[in-house]
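Examination of the molecular architecture
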Amino acid sequence: MPPLAEWYDLRDLGNAVGAFLDWIRDQGAPDWVPYVVSGVIGILAILVWLLLSQLSFIWIERRVIGRMQSRIGPNRVGPRGLLQPIADTIKLFLKEAITNRHADRPLFWAAPILIFLPALTVFAVIPFGSGMSLADLNVGVLFVIAVSSVNTMAVFVAGWASNNKFALLGAMRTVAMLISYELIQVLALLGIAVFAGSMRIGAIVDWQSHFNTWLLFLQPLALVSFIIASSVEIGRSPMDISEAESEIVAGYHTEYSGIKFGFFYTAEYFAGFAISAITVALYLGGWTAWGLEEWVPGWLLFLAKLYLVFFLFVWTRGTLPRLRIDQLMAFAWKFLLPLALVNVLVTGAEVLIWREGDLSAGLALPIFGIVNAALAVALVIGWATFMGHLRPERRAKRAVLTQELGAIYYRRPAGPLGEA
Amino acid sequence: MEDTGSIVAFWLLAALTVGAALGVAAVRDLIRAVVLLITSFLGVAGLYITLSADFVAVAQVLIYAGAISVLILFAIMLTPRASRDNAETFLQAPGLLLAGLVAFTIAFVSLEADWSVVEREGFEETASVIGEALLSKYVLPFEMASVLLLVSMLGAIVLVRPEGTPEEEE
C-alpha cells in the first residue's frame, strides 16, 4: 500500500478519511471501528452531496426550463429565487401527509421508503475518483441494473396501495416501460463489459484511462440507447408518461402528499444523478480527461461531467413533447432493441478481431471508433427508413378516423415493413 | 464464515428470508404476499453475498426481485377474482402435507449428506469463471435452456394471438 499523502491533499478526498482512520487506529480502537466509521463517512458524504445537488438543481432546472419556455421561473424568494428550493422543502415537511381511507395502509407507507432505498444504494458502486467509491464491486455494472430493477416493484406498490385508478394506471404504465427499457439498458452496457473485459466500474474507468479513449467513441449507438432507456427509467420527460399530468393526474404518486411525495420527488432526482454518474463513469471516462486530471482533482472532473449529463436530461425535459405510451413501447421493441442487438454483435466481433489478430491498441481502437460511428449513423437512418419513420409527414394527407380508439389522429401508423 | 460479522449477517439474513417466506403463506392480501416474497428473494441474495458469490447474488436480485416478481404481479392483475384475497382454497390439507414432505426431504438430505469441504481459496471474480464454464463445459445445457425459453416465448405468443392478419390488427 502506497504511503498516504498529506490529509489536506484535496486531489483524493480519501486521504483525509484515511488519515482520520489512522488516527482512530492509533487510539487503540478494535479493528471493526475504522471499518464502520469509513462506511458511515462515505454514506454521509454521498447523502449530503446528493441533497445539496438536488437543492441546487431544483432551482437550476426550474429557471432553465422557464427560460426555455419563455417564462421567468421562480424569482421571488431570495435573490433571483435562489431560496426557492429551501422554501419548497419546508413546505413539503409542513404539509399534511394524507392517507386516503381506502388505501392499503402498510404498503402505502412502505412505498416511499421502498423507492428511496434503491435510488440511494446505487451510489455505493460509483467511483467519484480513483479509488473513491464506497464498494467497487466485481459486478458493479450488473449491480446498478439489478438495484434499479427493484424500483419497478416500489412504483407498483405505490400505485396499488393508493387504491386510485389513475395511480394504478400510472403504475402499470411504469412497469410495462421499465421492463422493456431495462432490456435495452442491459444490452447497451453489455458492449462496455465486452470491451473493458470487466464489470467493475473502477476497472472500466481505468481501461478508458489506459487506452486514452472514452467508450463514448467506441460505443456511440449504445450510449444513445442507454441515455434514452435511462431517461425512461428515471421517469423524466419526454418519457414521463407514467406521471403524465394531462392524462392521469400524477400517475403512481397521485395520492401522495407532503413529505411522502417529497420522497418520490427526491428519489427521482437521486435516480437522475445516479444514471448521470453511471453514464460518466462508463462512457465519458469517469474521473479522467486526457491528462487534465493531473491538474484538477479527479472528483471535480467527475462532478462536472455528471452535472453536464444531468443538464442534458433537464434540456430534453424542457424541449421535447411527451410521447404516447404505445409509441414509447413500439420504439423500445421495434427500434432500439434490434439496433442494440446489432451493436452487441459488432462489438463482440471487434473484440475478437482485436484479440485474435494481435492488433496494437493504437491502430485498432481508432478504426473501431470510426467504424462504429459510421455504423451507428447508417443503422439509425437505415432502420428508420425501413420502418417508415424517417420523414414525418408535415401535412397529413388525410385524417385517419379510427373507430376503435374513437379519436382522430392525423398520421397513419407506420405500416408493416416497407409501406410508409 | 468464521468471523463474527459473517455469522451475524448469516443469522440476520436467514431470519429475514424465512420470516418473509412464512409471511407469504400467512398474509391474505396477494400484493402484500408478493412484496414479502421479494423481501425473501433479497434475503437469499444477501446469503449468496456472505458466500462470496457476488454474480449469483446480483443475478438473483435482477431476475427474481426485478423480473419474476413483475411476472407474478401481471398474473395477479390479469386474474379477475384473485386480485384481493388468497384465502380461498379447498386444498389446505394436501398443501400442508406436501409442504411438510418437502421440508422433511430437504432437512433429511442436508443432515444426512456427506458434505465435502473445498480447501481452495474463493474465486477472485466469479462472473468470468461462470461465463467460461457456461460457454465451454456446460455449453449444451446452456444452449438447450435458451432454445427452450425461446420456444416457450413463441408458444405463448402463438397461443394468445387473436385471429386475423396483422394488417387488420393495426
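Residues numbered from 1 in each chain as written. Chains lettered and ligands numbered in written order. Predicted model: local features only at pLDDT ≥ 70, side-chain atom pairs only at ≥ 80, totals over all residues.

**So, the overall build of chain A**
A tally of regular secondary structure across chain A gives 14 helices and two strands. For chain A, the proportion of its 420 residues judged to be buried stands at 39%. A separation threshold of at least 6 residues defines the contact pool for chain A, and within that pool the share at least 24 residues apart is 74%. (Helix = DSSP H or I, 4+ residues; strand = E, 2+ residues; numbered from the N terminus. Buried ≥ 20, exposed ≤ 12 C-beta atoms within 10 Å, placed from the backbone. Contact = placed C-beta atoms within 7 Å.)

**Digging into the interface of chain B and chain A**
Across the contact, 19 residues belong to chain B and 21 residues belong to chain A. Looking at the side of chain B that touches chain A, the elements with two or more residues in it are α2 (30-50), α3 (54-78) and α7 (166-169) of chain B. Broken down by element, the residue count for the side of chain B that touches chain A peaks at 10 residues, all from α3 of chain B. Residues that form the side of chain B that touches chain A fall into these classes: 12 nonpolar, two polar and five charged. (Nonpolar A, V, L, I, M, F, W, Y, C, P; charged D, E, K, R; others polar.)

**Concerning the environment of T288 of chain A**
Residue placement: T288 of chain A occurs in the loop between α11 (258-283) and α12 (298-319). Placed 10 residues apart in sequence, T288 of chain A and G298 of chain A show a C-alpha to C-alpha distance of 6.4 Å.

**Some points on the domain arrangement of chain A**
Residues and elements named next belong to chain A. According to the domain assignment, chain A consists of domain 1 (1-89) and domain 2 (95-387). Here domain 1 and domain 2 have C-alpha centroids that lie 22 Å from each other. In this assembly, 16 residues from domain 1 lie in contact with 18 residues from domain 2. Looking at the side of domain 1 that touches domain 2 element by element, the count peaks at 10 residues for helix α2 (residues 32-68). By residue class, the composition of the side of domain 1 that touches domain 2 is eight nonpolar, five polar and three charged. (Domains from an automatic or database assignment.)

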